[in-house]
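Coordinate inspection notes
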Amino acid sequence: KTVENDKDVSAQSLASLHFLFDKSFEKAVDILKNSVIKRVVGEKSGREVYQVTSSSKRQSRSFGRERDAGDAGGALGTGFHDEYLVLPFHYCSCHAFQHEVIHKGEMFLCKHIIAARIAKALGMTVTIIVNDTLLAQVLLSM
């Protein structure tokens, strides 16, 4: 709550987050530095989801090229990006959430949820208002 009120993160808070989430926190910070996190809100219901973009190192299904985790798009725009939906803040559509959080129980949260939570607390999201029917269709397609 202090972070949300001050729109700032103390060194102690950063250290605590790093201790709790380790590499996932570092990757979440990288997402915050290199991506825009969108907060998509239903115009009448006020329901919200977060759209988090990040790069990954895996085979692209459409092009058969390896994705470079170190390239977040850069000046040349050559990076590959995946977009994930985060439901506030207990679900993410990424593979790591399914595998590491739900099935193995090795992580508390994935990097996308951590990034979305920090972005919301710091007021770093871009808000997009959409028709509730469209939002419902997106949620049903997950």
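Below you will find a few notes about this structure.

Locating D82 in the fold gives a position in strand 3 (residues 82-87). The class for D82 is buried, based on a relative accessible area of 9%.

In terms of nonpolar packing, the biggest core is built from 24 residues, with I37, V86, C92, F97, I113 and I114 touching the most fellow members. Broken down by secondary-structure element, the contributors of at least two residues to this core are helix 2 (11-34), strand 2 (48-54), strand 3, helix 3 (95-103) and helix 4 (111-122). Sorting elements by how many residues they give to this core places helix 4 first, with seven residues. Sequence-distant contacts of I113, that is, excluding residues within four places in its chain, are made with V86, F89, H90, Y91, C92 and F97. By size, the runner-up hydrophobic cluster in this structure holds five residues, among which are V40, V49, L85 and L135.

Thresholds, definitions, all that
- Residues numbered from 1 in each chain as written.
- Predicted model: local features only at pLDDT ≥ 70, side-chain atom pairs only at ≥ 80, totals over all residues.
- Heavy atoms only, no water.
- Helix = DSSP H or I, 4+ residues; strand = E, 2+ residues; numbered from the N terminus.
- Buried < 20%, exposed > 50% of the residue type's maximum accessible area, 1.4 Å probe, protein only.
- Core = buried A, V, L, I, M, F, W, Y, C linked by side-chain atoms within 4.5 Å.
- Contact = heavy atoms within 4.5 Å.

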